[in-house]
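Next come the chains, spelled out residue by residue.
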Amino acid sequence: MATNFTAGRVPLDEPAIVRAGRRVSWGAIFAGVVIAVAVQLLLGILGTGIGLSMVDPVEGTTPGAAGFGIAAGIYWLITTVIALGSGGYAAARLSGVTEKFDALAHGLVVWGVTLILTLYLLTSAVGGIIGGAFRTVGSVAGAAGATVGAVAPKAAQVASVDAGDVKQEASAYLSDAPNDPAQMTAEQAQAEIARQLPALARGGADGQRAESRIVDVVAAQRKISREQAQAQVTRAKAQFVKTKNDAVETAKSATDTAAGAAASTSFILVLALLAGAGAAALGATTATRRRLR
């Protein structure tokens, strides 16, 4: 192996010159990614331990959700900067590059590969586990349903119960209430009112007929005049409409709040990713070897 000597400089061998001539060293980038992921995992486990140590259910000193979430976000940002800075520094140092731009490119590639690898792990491993669990539950439920459907007729035969008798009994339970509201029991009156509510909610001619039927039932059950029953039904319907409108407004407000929180989270995530890219680039440019002439 030939060795070159320069005045006032450290001896430089030819393989080092060849390595320095390459613009991209994928081996160094891979090493930087491994270091970045390892440091991120290590600091993440450390942060989990710190967070769990702050929880004390006995004394009731558990930190609030808002403050805990802010602290966790800040800690995640710091660990990302440290991990990617270390990975970028290692990649640029191992590659032996002497140009600032080459080192910067190594750092950014480390950042990009680490990001892609993290997204892949989150979407493939964790998502696959969760999806597999749900698929397993669905398969078990389907098998259980099929088993019950196959066993039910046999169980009825063993118990000497005829299928026709079961249908007749079910029809008796589901039979309509007497047409005259005065002859209805309290349970039949409630069932009749519940049966008319969907048509009342739809409105139109069916809604008017349903409201008239409900008024007749209320008047007969409470033994009041039809005008009094109509007033009670009108108040109940107005209260129902108010409750429905309030629920809709609450849902809209919750949706707006969730959308705003999601937007804020997206912006913060983008800033954190940019901070990680800057850390990787800074670490890489810091490790740039001085050109030997």
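**Q** Would you take a moment to explain the overall build of the protein for this structure?
**A** When helices and strands are counted, the protein shows eight helices and two strands. In the protein, the succession of helices and strands from N to C terminus is β-β-α-α-α-α-α-α-α-α. Evaluated residue by residue, the protein yields a buried proportion of 20% over its 293 residues. Residue pairs in contact within the protein that sit at least 24 positions apart in sequence constitute 66% of those at least 6 positions apart. Accessible surface, the protein: about 19700 Å² in total, of which carbon and sulfur atoms supply 67%.

**Q** Sorry if this is basic, but what is going on with the nonpolar core here?
**A** Generally speaking, soluble globular proteins have nonpolar side chains that are buried together. One finds Ala199, Leu200, Ala210, Ile214, Val215, Val218, Ala219, Ala229 and Val233 forming the largest nonpolar core, which totals nine residues. For this core, the leading source of residues is helix 7 (residues 204–222), giving five residues. The contacts of Ala229, once residues within four sequence positions are left out, are Val215, Val218, Ala219 and Ile224. Formed by five residues, the second largest nonpolar core is a distinct cluster that contains Ala92, Val97, Ala284 and Ala287.

**Q** Would you mind going over helix 7 with me for this structure?
**A** Taking 1.5 Å as the rise per residue, helix 7 with 19 residues should run 27 Å; its terminal C-alpha atoms sit 27 Å apart, in good agreement. Buried residues of helix 7: Gly207, Ala210, Glu211, Arg213, Ile214, Val215, Val217, Val218 and Ala219, and no others. As for helix 7, its buried residues are in contact with helix 6 (186–202) and helix 8 (226–286).

**Q** Which parts of the structure should I look at to understand the pattern of salt bridges?
**A** Side chains that differ in charge, positive against negative, can pair when their charged atoms come close. Inspection of every chain in the model, using the stated rule, returns six salt bridges. For Arg213, the salt bridge identified is with Glu192, shortest N-O distance 3.1 Å. Of this pair, Arg213 sits in helix 7 while Glu192 sits in helix 6, and the two are 21 residues apart along the sequence. Taking relative accessible area as the criterion, Arg213 reaches 16% and is therefore assigned buried. For Glu192, a relative accessible area of 4% translates into the label buried. The closest approach of N and O atoms between Asp206 and Arg209, which form a salt bridge, is 2.2 Å.

**Q** How do you make sense of the side chain of His106 when you look at a structure like this?
**A** One can find His106 in helix 4 (residues 100–158). The exposure class assigned to His106 is buried, which follows from its relative accessible area of 1%. At a separation of 3.0 Å, a polar atom in the side chain of His106 contacts the main-chain amide nitrogen of Ser25. Residues contacting His106, with those up to four places away along its chain left out, are Arg23, Val24, Ser25, Ile29, Ala91, Ser95 and Val97.

**Q** Explanation requested: a nonpolar patch on the surface in the structure shown.
**A** Where nonpolar side chains cluster on the molecular surface, the patch consists of Ile70, Ile74, Ile78 and Ile82 and spans about 370 Å² of accessible area. Within the secondary structure, Ile82 is located in helix 3 (residues 65–95).

**Q** I keep staring at the packing of helix 6 against helix 7 and nothing clicks. Help me out?
**A** Relative orientation and spacing of two packed helices are given, respectively, by the angle between their axes and the distance between those axes. Running from N to C, helix 6 and helix 7 point in directions that differ by 155 degrees, and their axes come no closer than 7 Å. Viewed along their axes, helix 6 and helix 7 adopt a mutual orientation that is roughly antiparallel. The way helix 6 lies across helix 7 gives a crossing that is left-handed. The segment helix 6 lies against helix 7, with Ala186, Ala189, Glu192, Ile193, Gln196, Leu197, Ala199, Leu200 and Arg202 engaging Gly204, Asp206, Gly207, Ala210, Glu211, Arg213, Ile214, Val217, Val218 and Gln221. A per-class count over the contact of helix 6 with helix 7 returns ten nonpolar, four polar and five charged.

**Q** What's the story with helix 6 in this structure? I'm lost.
**A** Side chains three or four residues apart in an α-helix point the same way, a direct result of the helix having 3.6 residues per turn. Over its 17 residues, helix 6 runs 25 Å from end to end, which matches the ideal 24 Å to within 8%, given 1.5 Å per residue. For helix 6, the principal kink sits at Gln196 and spans about 30 degrees; a proline, Pro198, occurs within the next four residues. Every buried residue belonging to helix 6 is among Ala189, Glu192, Gln196, Ala199 and Leu200, and all of these are buried. Two residues or fewer after helix 6 comes Gly203, characterised by a positive phi angle close to 80 degrees.

**Q** Would you mind showing me how to read unusual backbone geometry here?
**A** Glycine aside, a negative phi is what most residues show, and trans is what most peptide bonds show. One non-glycine residue, Lys223, adopts positive backbone phi at about 55 degrees. With respect to the helices and strands, Lys223 occurs in the loop between helix 7 and helix 8.

**Q** What is the right way to look at the confidence of the model for the protein in this model?
**A** One rule of thumb: low pLDDT means the predicted coordinates there are not for detailed reading. Residues of the protein with pLDDT of at least 70 account for 68%, and the chain-wide mean is 75. Least confident of the elements in the protein is helix 1 (residues 14–21), whose mean pLDDT is 46; most confident is helix 2 (residues 26–53), at 88. For the stretch residues 5–10, pLDDT sits under 50, and the model shows five contacts to residues farther than four places along the chain or on other chains. A low-confidence stretch, residues 12–21 (pLDDT under 50), is modelled with twelve contacts involving residues beyond four sequence positions or located in other chains.

**Q** Quick question: what am I supposed to make of the environment of Thr257 here?
**A** Among the secondary structure elements, Thr257 is positioned in helix 8. A distance of 2.9 Å separates the side chain of Thr257 from the backbone oxygen of Ser253, its partner in a polar contact.

What counts and how
Residues numbered from 1 in each chain as written. Predicted model: local features only at pLDDT ≥ 70, side-chain atom pairs only at ≥ 80, totals over all residues. Heavy atoms only, no water. Helix = DSSP H or I, 4+ residues; strand = E, 2+ residues; numbered from the N terminus. Buried < 20%, exposed > 50% of the residue type's maximum accessible area, 1.4 Å probe, protein only. Contact = heavy atoms within 4.5 Å. Areas by Shrake-Rupley, 256 points an atom, 1.4 Å probe, with all protein chains shown as cover. Core = buried A, V, L, I, M, F, W, Y, C linked by side-chain atoms within 4.5 Å. Expected span 1.5 Å × (residues − 1). Salt bridge = Lys/Arg side-chain N within 4 Å of Asp/Glu carboxyl O. Polar contact = N/O pair within 3.5 Å; in protein donor to acceptor, adjacent residues only side chain to side chain. Patch = residues over 30% accessible without salt bridge, like charges linked within 9 Å, V, L, I, M, F, W, Y side chains within 5 Å. Axes fitted to C-alpha atoms, helices over the stretch in contact; angles between N-to-C directions. Parallel < 35°, antiparallel > 145°, perpendicular 65-115°, else oblique. Left-handed = near helix turned anticlockwise from the far one by under 90°. Nonpolar A, V, L, I, M, F, W, Y, C, P; charged D, E, K, R; others polar. Bend = angle between axes of the 7 residues up to and from the residue. pLDDT = per-residue confidence, 0-100.

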